[in-house]
Amino acid sequence: YAWDDAHVRAPGGAGAPRAKGFEVVDQIDTYYGADVMLLPAGTLPSIATPVLLIADWRGPPGQVQENLGQVMILGFDPKATRPANSDSPIQLIPSFGAYSLDVFTIPGVGTMLAIANRQVTRPFSDGDYSVYDQESFLYKWTDGNFGRFQTLGGNFRSVYHRGVSATQATAFCSGKCATLASIQSVAALRGASAVKGFSSEGEYFLAIGQSVCEPLTGRETCLDRWAQPQSTLLQWNRVTNQFGEMLGMMDGDNIRLRGRRVRDEEMLLHQHALRIDAGRVVSWEYIEIKDESRQLLLASSLTDGAVLYDLSIPKVVGLGAVVGIVQDPDSGTLLTASRLDHTIATLQRATMHDALGRAPAPRCAVAGGASTCMAFVRSMVVPSGLRGATQAFWSTPARHFLHTAGASSPEMRLVVTGGVSRDERVCGALGRLVDASLFADGPVDCQDVSFSFDLRSTNNARLFASLPTLDRNGVLSFTPRDFEFGFAEFRLVLSEQGGLFGASLLPGTASSAAETLVIDVLPVNSPPTMTTRHVTIGEVLGQSSAILATALSPGLHENEQALHFEFNYTNPGLFSTRPVLAVEGSQGVLHFHLSPLVFGRSEFRITLVDSGLDATPAGDRRRSEEHVVLFEVLATNSAPVFMIPGRLEAVQASGAKVIDNFATNISTGGPEEAAQTYTFSLAGVSRVAGVWPADQLFAVSDAPAFSIDTNGTLRYETADAINGDFRITVRMTDDGGTLYGGGAVLEQD
């Protein structure tokens, strides 16, 4: 349908006034259109029109497999006028019960089409779950169509929702379930009925709703009769290049904590299956509330209604700069004291498993026959007197301590020793940042720190374009001057200002002991550079040369270095001897000798090397980037060949003459040029002796007065009044052309 402001008639019929409304513009016949999606023009590369995708759940009646349907991908022009079912099919994808589809893009991977295949046939009786164990598929748009990319089948498992009866659970499994940690699961994404791909915080997910209730089954019947499978949430794994179970370690978190992405070998650590008890899900929607940094997944469920799930994953906190770890021997609990987070965190030994009963942490120690890990429980901010914790230990009642934080057992207490005073925090820098402006009316509960940076000695006064500085976070910044090297020695002192007690309590404690820093700027060999160019030549005989590279340079300010080439090449049969690539001035000249009558292409991979240092810790580089140069030899035309007598005597006024075999040994060139055509012509006449002009030698007539045919037969007629000695030049021309030095002409006198 399309909205029309004026052309839709009211229900009164053709005579009724027109009114605004939706008007039918297209009709596409399906057997059971379960899902539809319209992609804007340009979504699929190489497709200029909008694209309409339809999941046709069932095929025509009478098929052996009743639900053998298809996904229709149609080119759709909403402005065109056309009869029903005339949209251009881009692709038809056969499927078994295609019930839901979604198109989404993963940067660096491509445009993906996810198809949820719900079932193969109708169940023959209530509780027949096997027909719903159909593989779903992920397709990728490549070269103008969607090709199968990943199978979502028996490598994933389904579990039934919570609260089912024993009878329902038995029917769900039908002898096919595996049991881990008391959780039963079957090898399939059973009853896939809704699919949605989405991105959240830089990660990519695929939500798959699952149901074994038939479309026309009522809600109460569905709940009473069958055990519904839980729905599945999968996550994209950039290492395996596929969707899999949820990852325990994500790039965004790792960049915030460690400044880098998760290492490839760590991606599968703590991977865990996530199943969602959402009932009979028919569609999903991802929602992001940016102002609150919240990520939500909305499920439309025919049994549970509209269900909103919070995708925020709890994270471990309070373990920054742990200075002490202690264990309560009675409970197996670990407590940690954090110097930067100012917290005491609790970790507890626990048997861990995911939604399928699998242990997601294979590196955890095995205890009591099960995989166990230290699970994070909570963290607690310690009193201000314990800021800057330096140690944590257990104490018995007989031991003296100043500060305690809760009792893990009746006879033992955790002791955390703190710093000198609570104002030892750095304002706005380390740990929990302190805003000094909050203390404008009184002493500031933090201290400012700064470094003094004094130059003591150097062997190059021009070493730095900007002198080194060290900020209060310990970050050293400096800019060496281009092409200058040497060393500089600095004296560093860290000083503090402010705090609750103003000046330092003890004389001489406001500044640290002096430290020495030496910055050594080493000379670095820059890699040589060049500009290359491809070469195309015709066949040449003997030793030849060609320029493959120009603008050779050993690097900036390194003109004293010598240069040479390293190279290899393909198609060695093109050359009769190995070519030589030499440095000649600022050019790279290839000296070569071609094999006779051999044509083709050779690929030269050349590297320019200087005589400087290479691969030192300072970063010296003596090799340029490898360049690829194409050297191509094309077949050229050989000059034609013929012979004629050196002297011809004729009698004045003797009329037309014919001389057979006047031109002999006629050839267009080599044997490969035998198919060429050729002609003879008079190239010139000059007088050798006599008084008659050369241009009047031959008689004037309708036919040429001097000609040689392709058999070498000469026909000529001299003018009656002419005599003398004349030089005649005969030209032979073939049709092979003169490209790349080819010869198409030969002249003989």
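Structure first, text after, so check above.
Residues numbered from 1 in each chain as written. Predicted model: local features only at pLDDT ≥ 70, side-chain atom pairs only at ≥ 80, totals over all residues. Heavy atoms only, no water.

(A) Main features of the overall build of the protein. Secondary structure assignment for the protein yields three helices and 48 strands. For the protein, buried positions account for 38% of its 749 residues. Summing over all exposed atoms, the protein offers an accessible surface of approximately 40,100 Å²; the carbon and sulfur share of this is 54%. (Helix = DSSP H or I, 4+ residues; strand = E, 2+ residues; numbered from the N terminus. Buried < 20%, exposed > 50% of the residue type's maximum accessible area, 1.4 Å probe, protein only. Areas by Shrake-Rupley, 256 points an atom, 1.4 Å probe, with all protein chains shown as cover.)

(B) Summary view of the nonpolar core. Membership of the largest hydrophobic core comes to 22 residues, with the highest contact counts inside it found for Leu548, Phe565, Phe575, Phe592, Phe604, Ile606 and Phe631. Excluding anything up to four places from it in sequence, phenylalanine 592 contacts Ile537, Val540, Gly542, Gln543, Ser544, Ser545, Ala546, Phe575, Pro579 and Phe631. Core analysis: the next-biggest nonpolar cluster, separate from the first, contains 19 residues, Leu101, Val103, Phe137 and Tyr139 among them. (Core = buried A, V, L, I, M, F, W, Y, C linked by side-chain atoms within 4.5 Å. Contact = heavy atoms within 4.5 Å.)

(C) Spotlight on the side chain of glutamine 119. With respect to the secondary-structure elements, glutamine 119 resides in the loop between β8 (110–117) and β9 (136–142). Residue classification places glutamine 119 among the buried positions, given a relative accessible area of 0%. A polar contact is formed between the side chain of glutamine 119 and the side chain of glutamate 214, at a distance of 3.2 Å. (Polar contact = N/O pair within 3.5 Å; in protein donor to acceptor, adjacent residues only side chain to side chain.)

(D) Highlighting helix α1 (residues 166–173). Buried residues of α1: Gln168, Ala169, Phe172 and Cys173, and no others. The buried residues of α1 all sit within an arc of 130° when viewed along its axis, so they share a single face. Those residues of α1 that are exposed and aimed more than 90 degrees away from the buried face are Ala166, Thr167 and Thr170. Phi turns positive, to about 45°, at serine 174, one or two residues after α1. (Arc of directions from axis to C-beta.)

(E) Spotlight on the pattern of salt bridges. Counting across every chain of the model gives 18 salt bridges. Between arginine 238 and aspartate 251 there is a salt bridge, with the nearest N and O atoms lying 2.8 Å from each other. Separated by 13 residues along the polypeptide, arginine 238 in the loop between β15 (231–237) and β16 (242–244) and aspartate 251 in helix α3 (residues 251–258) bring together distant segments of the chain. Owing to a relative accessible area of 24%, arginine 238 belongs among the partly exposed residues under this scheme. Judged by its relative accessible area of 13%, aspartate 251 falls in the buried class. Put simply, Arg238, Asp251 and Asp264 are held in one network by salt bridges that share partners. (Salt bridge = Lys/Arg side-chain N within 4 Å of Asp/Glu carboxyl O.)

(F) Highlighting the sheet that holds β9. Ordered by their spatial adjacency, four strands build an open sheet running β7-β8-β9-β10, and the pairing between neighbours is antiparallel. Looking along the sheet, the strands with just one partner apiece sit at the ends: β7 (98–106) and β10 (145–152). Pairwise comparison of adjacent strand axes, ignoring direction, gives a mean angle of 25° for this sheet. (Pairing = 2+ DSSP bridges. Axes fitted to C-alpha atoms, helices over the stretch in contact; angles between N-to-C directions.)

(G) Spotlight on a nonpolar patch on the surface. On the surface, a cluster of nonpolar side chains totalling about 550 Å² of accessible area is made up of Tyr1, Trp3, Phe22 and Val24. Secondary-structure assignment places tryptophan 3 in strand β1 (residues 2–9). (Patch = residues over 30% accessible without salt bridge, like charges linked within 9 Å, V, L, I, M, F, W, Y side chains within 5 Å.)

(H) Quick peek at the pairing of β15. The element β15 is largely enclosed, with a buried count of seven among its seven residues. Covered by surrounding structure in β15 are Ser231, Leu233, Gln235 and Asn237 together with Thr232, Leu234 and Trp236, the residues of both alternating faces. Across four bridges, strand β14 (residues 203–210) lies against β15 in antiparallel orientation. Within β15, the residue paired with phenylalanine 205 across the bridge is glutamine 235. Here three bridges tie β15 to strand β17 (residues 274–276), and the two strands are oriented antiparallel to one another. Opposite serine 231, over in β17, you have isoleucine 276 as the bridge partner. Examined bridge by bridge, β15 and β16 share three bridges and lie antiparallel to one another. Residue pairing for β16: glutamine 235 is matched across the bridge by glycine 244. Turn length for the β15-β16 hairpin, with the two strands adjacent in sequence and antiparallel, is four residues, and the turn residue asparagine 241 shows positive phi of about 60°.

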